[in-house]
Structures are given as structure tokens and as C-alpha cells.
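Residues per chain, in single letters:
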Amino acid sequence: MELDAMIQEYLEYGMSRQLKLEQDADGRVSGALVRRADKSIVRFKASKGVLLTTGGYVCDKKMFAALNPVAYTSCLGSDASALDTGDGIRAAMWLGAAKDADATAMIFDRGSTTPDQGIDGNWEKSGYFHLGSQPWLKVNVNGERFCNESVPYDFIVHAASLQPQRVYNTIYDSNWMEHIEKFQQIGCARIIPSKSGGKLQIFSPQAEMGLLGALEQAGIIQKADTFEELAEKLGMPADAFAATVARYNELCAKGVDEDFGKEATRMVALDKPPYYGVRQAGTVLCTLDGLRINTRMEVLDGEGNVIPGLYAAGDCSGGFFAHNYPEYIVGVAIGRTLTEAYLVGGQLAQA
């Protein structure tokens, strides 16, 4: 389905299930009708304008699947806000607002599930494997390595989307904490504080141990004393997987990844049992393709004209990201959101 047809379908889907914007006789946005949980309608009148900060549309699965099918079919789960249902975007489009043509999502390589499950849209069955962002050996369901594992979060997810069943397995051993210290990940993948003196980290080793225990109890993390046993638990061909591990360990000993070019500092052998494996795909946090705005955060129509009285900020707004989220520029998403909100708040206060 072409993008224009997809958008039209959602305009006809009911404008917005929770929100409808109002305009005065001059076309200025003058307020909004909001449907509450009890189905009653509340009407808000706006003296200066309406600012949309309603987030993206991840949690409207129909909208997400239509506008970003690659992301939807590459993810096992979501940790998005339940309020991210695209209501603000749809309500503005009903008035003629333009939306980014390129679908953009913030996808992390942390979705996980039991080996007997796949990508089926039932996000409630998934787990969040935070260690999935560590560049250990990753193999497809045939036990074969398929990608340089030392890549930004969504790169491995998109590489896996071309593999059988669109899922993969992350493999690590009992030296995992030592390996994480060696990897020196950044941003929200950091667990060990930086050797350069930086203290910032999102998760602590102690918190990680608790999360891993819960995932193992849920049958998501598989544990075995041999690679052949681990392959059986993960539903992979044992011979092929054992050969892959042997080749990987050989390259680690050489210090040169002749197959996929991963840097030597992240080539660590898997040689201390017990061994662990996790069935993975993506997990989506939010969408980032929102309403087109100008530098005053005023929403624009399809011709680039301002829709008077209508503003957007954060994930509801667009024009900042395209295709994916540059996760190695740490803080850029929250930085954009806070900056836009600060600027538009000042403008409205002075209006």
C-alpha cells in the first residue's frame, strides 16, 4: 500500500479515537475535544493555541504495522508508553497537517522470548534482555553467524530481518561480566562505569543480575554445559552451531575477524561453561516520524504553510530523524524533546 493510501486509511479510521481538534472561522486551531476513559467528552478552549505532545504511534499496532512494516515485523515487544497511540498525529492530519514520509522508530536489540516463540505481534509474551546490546556472538536459527555484532542497536535487528524467522540467538558464557567491562559500551547499553573516569550508567551489575535471574526463570535465558546442549535448547542444529562457535573462537585467538570485520577488542572467546543463549529480535521504544513543524514548532500543512494555533513537540513532531534513531549520539532524542518544549513554552508565554 502506498504511503498516501495508508495515511488516508487512518484519516478515515476515525480521525482520532481520543482527540479531535477544533478551528475557528478563520481556520485557527481554537481548542480540542478529548474523549476520556469513561467515553465522556471534554471540550478545551485555547486562547493562544494547542500544543500536541501526545507522542508517537507504537501502541496502535494497526497504524504501526501499516506505516512501518519492517519495524513491526522485526520486533518481539515494546516498552513504549501505553499512551503512544498516534492520536495527536491523526487529529492534526485531519486538519491537513503534513507528516514525515519516512517511517522512523527507536528500536533496541533487547527483545527476547522463549525458543519456541517467534515474532507474532503478541508483545505481552516478550522479555527485555538488556544484555542483548553487548556484542557477543549472535547466530541465526540455523546456528550460523550472520553479522558484525558490534553495530548500533537496530543494525543487528535489521540484519536479522533477512534471516530465517527474523530472529537470532545471542550467545555468551560465564565470563560475561568480564566481557562487558572489556566491551565498554556507551549510552543506555553501559553497565560498567567507564575506565576513563565516567560514572554514568543506566543499569548496575546488581540490577542486571536480578533481571537475568527473572529471564532464566521464565525460560527465556537458556543455560547449558556444552554448546551441543545449548543448541538443542535453542532449537538449532548442534553440529552447525558447534562449528560456528569453533570458528568464532579461532578468530578471537587470531585477534582478527576475517568473516565480518568486528574490531579485535570485542572479539572475546566463548570458553567458560556454563554457556548461555537467548532468542532475540527487536524491541521498540517509540516512533519518531511525526508532524512537520517549523523552527517555532508550528505545525505545517502539505504545502509548508503554518496551521495557525497548532504546535507540536517531542515524538509527535517530525522533521528531525529519518529512518532510524542515531543511538550513539547519546541523549539526542530526549534533548530534542526538552528543547522543543522549552522553546514553544516560551513562545506561548509571550504571545
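Now for a description of the structure that goes with this document. (Residues numbered from 1 in each chain as written. Predicted model: local features only at pLDDT ≥ 70, side-chain atom pairs only at ≥ 80, totals over all residues. Heavy atoms only, no water.)

All right, on to the pattern of salt bridges then. Applying the stated criterion across every chain, the model contains 18 salt bridges. Where Asp120 meets Lys125, a salt bridge forms, and the shortest distance between an N and an O atom there is 2.9 Å. Since its relative accessible area comes to 38%, Lys125 is described here as partly exposed. Here Arg247 ties to Glu250 by a salt bridge, and the two come within 3.3 Å at their closest N and O atoms. Linking Arg247 with Glu250, this pair stays in helix 9 (residues 238–254), spanning three residues, or about one helical turn. Residue class for Glu250 comes out partly exposed when judged on its relative accessible area of 38%. The network of salt bridges with common partners includes Arg247, Glu250, Lys254, Glu258 and Asp259. (Salt bridge = Lys/Arg side-chain N within 4 Å of Asp/Glu carboxyl O. Buried < 20%, exposed > 50% of the residue type's maximum accessible area, 1.4 Å probe, protein only. Helix = DSSP H or I, 4+ residues; strand = E, 2+ residues; numbered from the N terminus.)

What follows is about empty space enclosed by the protein. Enumeration according to the criterion identifies two cavities of 30 Å³ or more in this entry. Of the voids in this model, the largest cavity is the one considered here, and its volume is about 40 Å³. (1 Å grid on protein atoms, 1.4 Å probe; cavity = no way out; pocket = protein on both sides within 12 Å on 5 of 7 lines; lining within 4 Å. Points joined across faces, edges and corners; volume = space filled by probe spheres on them.)

For any two helices packed against each other, the geometry comes down to the angle between their axes and how far apart the axes lie. It is at 9 Å that the axes of helix 8 (residues 227–234) and helix 9 come closest, and there the two elements cross at 125°. One finds that helix 8 runs oblique with respect to helix 9. In the packing of helix 8 onto helix 9, the handedness of the crossing is right-handed. When helix 8 is examined against helix 9, the residues Phe227, Glu228, Leu230 and Ala231 are found in contact with a partner set consisting of Ala238, Phe241, Ala242 and Val245. (Axes fitted to C-alpha atoms, helices over the stretch in contact; angles between N-to-C directions. Parallel < 35°, antiparallel > 145°, perpendicular 65-115°, else oblique. Left-handed = near helix turned anticlockwise from the far one by under 90°. Contact = heavy atoms within 4.5 Å.)

Okay, the side chain of Asp173 next. Structurally, Asp173 is set in the loop between strand 9 (168–172) and helix 6 (176–183). Buried within the structure, Asp173 lacks any salt-bridge partner; its nearest side chain of opposite charge belongs to Lys272, at an N-O separation of 7.7 Å. For Asp173, the side chain forms a polar contact with the main-chain nitrogen of Asn175, separated by 2.8 Å. Here Asp173 is in contact with His179, Ala269, Leu270, Asp271, Lys272, Pro274, Tyr275 and Tyr276, once residues within four sequence places are set aside. (Lys, Arg positive; Asp, Glu negative; His and termini not counted. Polar contact = N/O pair within 3.5 Å; in protein donor to acceptor, adjacent residues only side chain to side chain.)

The next subject is the sheet that holds strand 1 (residues 19–23). Strand order in the open sheet formed by three strands is 1-2-3, and the pairing between neighbours is antiparallel. In the strand order of this sheet, the two ends are held by strand 1 and strand 3 (41–45), each with one partner. Pairs of neighbouring strands in the sheet enclose a mean axial angle of 20°, with direction left out of account. Judged from the five bridges that link them, strand 2 (residues 29–35) and strand 3 form a sheet pairing that is antiparallel. By the bridge assignment, Arg35 is partnered in strand 3 with Ile41. (Pairing = 2+ DSSP bridges.)

All right, on to the layout of surface pockets then. Here the second largest pocket defines a volume of roughly 300 Å³. Residue lining of the second largest pocket: 14 residues in total, with Gln18, Leu19, Thr54, Leu83 and Asp87 positioned closest to the centre. Counting residues per element, the lining of the second largest pocket draws most heavily on strand 4 (residues 50–52), which supplies three residues. Per-class residue counts for the lining of the second largest pocket are seven nonpolar, five polar and two charged. (Nonpolar A, V, L, I, M, F, W, Y, C, P; charged D, E, K, R; others polar.)

Shape descriptors only; they carry no functional weight alone.
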